[in-house]
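# Architecture and fold: a report
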Amino acid sequence: ALLKLPWAHFFYTGGTNVGRLVAHAAAEHLARCTLELGGKSPAIIAPSANLDSTAMRLAWGKWSNAGQTCIAPDYVLCVKEHEQALVHKLKVYLQRSFGEDPQKSPDFGRIVNDRHFERVRRLIEPSKVAHGGTSDAADRYIAPTILTGVTFDDAVMKEEIFGPILPILTIDRIEDAIGLIRKNPNPLALYLFTERQADIDLIVERVSFGGGCVNNTMFHVSDANLPFGGIGTSGQGSYHGKAGFDAFTHYKSVLSSAGSAAFDLPLRYPPYAGKLPWLKKVL
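Residues numbered from 1 in each chain as written. Predicted model: local features only at pLDDT ≥ 70, side-chain atom pairs only at ≥ 80, totals over all residues. Heavy atoms only, no water.

## Considering the layout of surface pockets
Heads up, the rule is: Here a cavity is any set of points on a 1 Å grid over the protein atoms alone where a 1.4 Å probe fits but cannot get out, and a pocket is any open set with protein on both sides within 12 Å along at least 5 of 7 lines; a residue lines the site when it has an atom within 4 Å of a point. Grid points are joined across faces, edges and corners, and a volume is the space filled by probe spheres set on the points. Helix and strand definitions here come from DSSP, where helices need a minimum of 4 consecutive H or I residues and strands a minimum of 2 consecutive E residues; each element is numbered from the N-terminal end. Under the grouping applied here, Gly and all other residues not named as nonpolar or charged are polar, the nonpolar ones being Ala, Val, Leu, Ile, Met, Phe, Trp, Tyr, Cys and Pro and the charged ones Asp, Glu, Lys and Arg.
Estimates place the volume of the largest pocket at around 710 Å³. The wall of the largest pocket is formed by 23 residues, among which Gly 15, Thr 16, Asn 17, Gly 39 and Glu 160 lie closest to the centre. Counting only elements with at least two residues in the lining of the largest pocket, the list comes to strand E1 (9-13), helix H1 (16-28) and helix H4 (114-121). Among the residues making up the lining of the largest pocket, the classes are represented as six nonpolar, 11 polar and six charged.

In structure tokens:
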């Protein structure tokens, strides 16, 4: 019903499929449109990454609200030499945060409804579970889950997870991450863990994404000075702080010639015979 009304501006936060409907409705009204959607947001673990802080911040970003945030790290691209250590440290942090049984923790959330519970649970491939993997339909609980040995052919890599599953894919070097990320549409967020400026320059310059963090997750949305928004299928337009004001503002440009009636330039008025060389000089 809302989409049928002639709004001047449509602002939508949610999934890509509904985003298309909103964009279509906005087009019917020739209205402006801001879309904050989602996608598969990667986390890249470089050889120089500090694994202790990486695991802590990655786990917090992934399992906050049981992974149900649009900017949650969706999957990890980790250099091979760090994979085992990263998995171990993630397990340690999960135990520290949610105890031996996260289902009993008051700090671990539940899946929002039954439909999403079934969708997320189907993404868990038992043979690739390195941690977690259990679920309870009556409680809409899915344990914090780590998957290893994952490829882009697996179901978990075919859609945005939006749940407490973290697939880890390995790469030989950080340059390999660029082509792999491009296998998916532009992500809403990207997280890079490294201590090398060259790695930062490489990823920021060569990978298209909405926004993100270096050596952190999700915190970029907390800074009102940073415009937040996606690109391509992860959204269009941006907001937060002044960017939010700009999103809902039409800057009306007005040139005033008030008080200038006594001065005019005859050169701009026809006939133009003999004036063309002078006009070219003026222009």
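## Some points on the sheet that holds strand E4 (residues 75-79)
Which entries qualify depends on this criterion: Should DSSP find at least two bridges between two strands, the strands are regarded as paired. Helix axes are fitted to C-alpha atoms over the stretch in contact, other axes to C-alpha atoms as well, and angles between N-to-C directions run from 0 to 180 degrees. We call two residues in contact when some of their heavy atoms are within 4.5 Å.
The seven strands are arranged E5-E8-E9-E4-E3-E10-E11 in an open sheet whose pairing can be described as mixed. Only two strands of the sheet have a single partner each, and these edge strands are strand E5 (129-131) and strand E11 (211-214). For this sheet the average axis-to-axis angle between neighbouring strands, irrespective of direction, equals 25°. Running at roughly 160° to strand E9 (residues 165-171), helix H3 (residues 83-98) makes contact with strand E3 (42-45), E4, E5, strand E8 (145-147) and E9 of the sheet.

## Let's talk about the environment of Ile 200
Keep this limit in mind: In this scheme, a residue with accessible area under 20% of its type's maximum is buried, one over 50% is exposed, and one in between is partly exposed, where area comes from a 1.4 Å probe on protein chains only.
Its place among the elements puts Ile 200 in helix H6 (residues 197-206). Residue class for Ile 200 comes out buried when judged on its relative accessible area of 19%. For Ile 200 and Val 214, which are 14 residues apart along the polypeptide, the C-alpha to C-alpha distance reads 7.6 Å. For Ile 200, the contacting residues outside a window of four places in its chain are Leu 192, Thr 194 and Val 214.

## Some remarks on the pairing of E1
Under the convention used in this document: Whether a crossover is right-handed depends on one test, that the path from the first strand over the helix to the second runs clockwise when the strands point away from the viewer.
Looking at chain direction, E1 and strand E2 (residues 32-36) are connected through five bridges and run parallel. Note that in E2 the partner of Tyr 12 across the bridge is Leu 35. Handedness of the crossover is the feature at issue here: the chain leaves E1, passes through H1, returns alongside E2, and the resulting connection is right-handed.

## A look at H1
Counted only if it meets this: Multiply 1.5 Å by the residue count of a helix minus one, and that product is the helix's expected span. Arc, as used here, means the arc of the directions from the helix axis to the C-beta atoms.
The first and last C-alpha atoms of H1 sit 18 Å apart over 13 residues, in line with the 18 Å expected at 1.5 Å per residue. Within the span of H1, buried status applies to Gly 19, Val 22, Ala 25 and Ala 26. Projected down its long axis, H1 shows its buried positions confined to an angular sector of 125°, all on one face. Every exposed residue of H1 that faces more than 90 degrees away from the buried side is listed here: Asn 17, Arg 20, Leu 21, His 24 and Glu 28. Tucked inside the fold, the buried residues of H1 contact E1 and E2.

## Looking at a nonpolar patch on the surface
Rule in force here: Surface patches are defined over residues having more than 30% relative accessible area and no salt bridge, joining like charges when they lie within 9 Å and nonpolar side chains (Val, Leu, Ile, Met, Phe, Trp, Tyr) when within 5 Å. Surface accessibility follows the Shrake-Rupley procedure with a 1.4 Å probe radius. Residue values consider only the protein chains on display as shielding. Definition used for salt bridges: Asp or Glu carboxyl oxygen within 4 Å of a side-chain nitrogen of Lys or Arg.
On the surface, a cluster of nonpolar side chains totalling about 320 Å² of accessible area is made up of Leu 2, Leu 5 and Trp 7. Position of Leu 2 relative to the elements: it lies in the segment before E1.

## Some points on the sheet that holds E2
If you trace the three strands from one edge of the open sheet to the other, you get E1-E2-E12, paired in mixed fashion. Each end of this open sheet is capped by a strand with a single partner; those strands are E1 and strand E12 (235-236). The pairing of E2 with E12 spans two bridges and is antiparallel. By the bridge assignment, Glu 36 is partnered in E12 with Gly 235.

## Remarks on empty space enclosed by the protein
Under the defined criterion, the tally for this structure stands at one cavity of 30 Å³ or more. Reported here for the largest cavity is a volume of approximately 50 Å³. Taken together, the residues of the lining of the largest cavity sort by class into five nonpolar, three polar and three charged.

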